[in-house]
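One-letter residues, chain by chain:
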Amino acid sequence: MPIQPLRHLLLSTCLAAATLLAAGAARAGAQDFAFAVINHAAAGVKGDGGLRQALAETDADNLAFVVVNGIKSPSESCDDALYAQRHDLLAQAQNGIFVSLAGSDWITCRDRENRSDAIERLARMRDIFYAGEFSLGASRLPMLRQSLTPKFRSYAENTRWEVGNVLFATVNLPAANNHFLLDGGRNNEFEDRLIANRNWLQHLFAFAALKKSAAIVFFSDGNPFGTPPRRSFFRTQRDGFVETRKLFSELAGKFRGRVLVVHAQGGKNKAAAHILWSGNLGSVGVGERWLKVVVDEHLPQLFAVADADGERR
């Protein structure tokens, strides 16, 4: 073969190979992955049988990570032995595991005199489940905690991590009206956490805007967009989520990407789960079983809930 045609052939081959490599790199960089959320704080849950099954099912799936909402149900004990047992169980998972603190982990706890032991148990949960810099499980994903800020060093349960161009974060918003108490006087735990959560949300949105993230996904126990408490004849029940709901709407309105809140108040029917959108702000509830969410940049709204057979909705 003459030298000139040979050079053209080699050049064409190199260009074709470069095109294929570039296409492969583009596909590899595309946002197309899935994560799961397990609701172990559901009222009907007893023991760890359901959690073990959900972990086995999610281990068998191709997931970027798994969030477990609550390590115990309201009817289970609050002793250190159970906390340690659940920690060891989550640590054995194949996927990276992030724990989203649920109200049933600490709010319902009572001491031997049947007095509230919530604050002490909250501190113990933080010691056991929120001490490291990586997720639990075999796939150890790095994370950062709000407790790195000296002013909010108690709030280690508020964590953030990234996958692709999406920022993920847990925020301590317990079910049952965000642990607002009707007792007279100051609601110390509620009011202090309200300040911490405001700082946390503002920090996350500022960080995501700086990095030009495509989306922020929040995981919480309570549904900040749920129906406010009913008014009784004698008194008006304060809405414990009103400030957080307004802050979400305000910050999401200024953010160019998508904002998704995944909470644990989804009811019993997993098949009915779907994302409710209002502008760029969406929310979806997890039922008694685990929920799979797909992140795909080709989707109009970036996120979709997937059935066990892979069907999206």
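Before going into details, it helps to say that this report is about the structure given with it. Note that this is a predicted model, so its numbers are computed, not measured. (Residues numbered from 1 in each chain as written. Predicted model: local features only at pLDDT ≥ 70, side-chain atom pairs only at ≥ 80, totals over all residues. Heavy atoms only, no water.)

### Quick look at the sheet that holds strand β4 (residues 144-145)
Strands sit in the order β4-β5-β6-β7-β8-β10-β9 across an open sheet of seven strands; the sheet is mixed. Taken across any chain shown, the strands that pair with only one partner, and hence form the sheet edges, are β4 and β9 (276-278). One ladder, built from three bridges, connects β9 with strand β10 (residues 281-285); its direction is antiparallel. Within β10, the residue paired with L276 across the bridge is S283. (Pairing = 2+ DSSP bridges. Helix = DSSP H or I, 4+ residues; strand = E, 2+ residues; numbered from the N terminus.)

### Overview of the sheet that holds strand β3 (residues 97-100)
Here five strands make up an open sheet; going across it, the order is β3-β2-β1-β11-β12 and the pairing mixed. The open sheet has two edge strands, β3 and β12 (303-306), and neither has a second partner. Averaged over all pairs of adjacent strands, the angle between strand axes in this sheet comes to 25 degrees, irrespective of strand direction. Pairing geometry for strand β1 (residues 32-39) and strand β2 (residues 66-69), over four bridges, is parallel. Bridge assignment links A36 to a residue of β2, and that residue is V66. The sheet contacts of helix α2 (residues 49-59) involve β1, β2 and β3, and relative to β1 the element is tilted by about 175 degrees. (Axes fitted to C-alpha atoms, helices over the stretch in contact; angles between N-to-C directions. Contact = heavy atoms within 4.5 Å.)

### Observations concerning the environment of G96
Considering the arrangement of structural elements, one finds G96 in the loop between α3 (80-91) and β3. Given a relative accessible area of 0%, G96 falls into the buried group. Once the C-alpha coordinates of G96 and L136 are considered, the two residues, 40 residues apart in sequence, prove to be 5.7 Å apart. Excluding anything up to four places from it in sequence, G96 contacts F65, V66, S135, L136, S139 and L141. (Buried < 20%, exposed > 50% of the residue type's maximum accessible area, 1.4 Å probe, protein only.)

### Some remarks on the pairing of β12
Residues F303 and V305 point to one face of β12 and A304 and A306 to the other, with burial holding for every one of them. Bridge count between strand β11 (residues 291-296) and β12: four bridges; the pairing is antiparallel. For V293, the partnering residue across the bridge sits in β12 and is V305. Remark: six residues form the turn of the hairpin made by β11 and β12, two consecutive strands paired antiparallel; L302 in that turn has positive phi of roughly 75 degrees.

### Examining the state of the cysteines
Throughout the structure, instances matching the rule amount to one disulfide. The disulfide partner of C78 is C109, and the S-S distance across this bridge is 2.0 Å. The sign of the -90 degrees torsion about the S-S bond sets the C78-C109 disulfide as left-handed. With C78 in the loop between β2 and α3 and C109 in the loop between β3 and α4 (118-129), the pair connects residues that are 31 residues apart, well separated along the chain. Accessibility classification places C78 together with C109 in one group, the buried group. (Disulfide = S-S within 2.5 Å.)

### Description of the packing of α3 against α4
With their axes 10 Å apart at the nearest point, α3 and α4 run at an angle of 30 degrees to one another. Between α3 and α4, the interaxial angle falls into the category roughly parallel. The interaxial crossing formed by α3 with α4 has right-handed handedness. Residue-level inspection shows D80, Y83, R86, H87 and L90 of α3 in contact with α4, the latter providing R121, R124, M125, I128 and F129. Of the residues contributing to the contact of α3 with α4, the split by class is five nonpolar, one polar and four charged. (Parallel < 35°, antiparallel > 145°, perpendicular 65-115°, else oblique. Left-handed = near helix turned anticlockwise from the far one by under 90°. Nonpolar A, V, L, I, M, F, W, Y, C, P; charged D, E, K, R; others polar.)

### Focus: the packing of aromatic side chains
All told, the structure shown has 17 aromatic pairs when counted by the stated rule. Plain terms: the ring middles of F35 and F219 are 5.6 Å apart, the flat faces sit at 85 degrees to each other, and that makes the pair edge-to-face. Taken together, the residues F35 in strand β1 and F219 in strand β7 (residues 215-219) connect sequence positions 184 residues apart. Per residue, the accessibility class of F35 equals that of F219, and both read buried. (Phe/Tyr/Trp six-rings, centres within 6.5 Å; stacked < 30°, edge-to-face > 60°.)

### Section: the side chain of N197
As for its placement among the helices and strands, N197 is situated in helix α6 (residues 188-211). The contact partners of N197, leaving out residues within four places of it in the chain, are N158, V171, N172 and L173.

### Let's talk about the environment of G282
Counting through the fold element by element, G282 comes out in strand β10. Owing to a relative accessible area of 3%, G282 belongs among the buried residues under this scheme. When the C-alpha positions of G282 and A252 are compared, they lie 9.9 Å apart, and in sequence the two are 30 residues distant. Those residues in contact with G282, other than ones at most four positions away along the chain, are V259, L260, V261, I275, L276 and W277.

### Brief notes about the pairing of β11
Most of β11 is tucked away: six of the six residues are buried. Here β11 shows two buried faces, one formed by L291, V293 and V295 and the other by K292, V294 and D296. Relative to β11, β1 runs antiparallel, the two being bridged by six bridges. Its bridge partner being in β11, V37 is matched across the sheet by L291.

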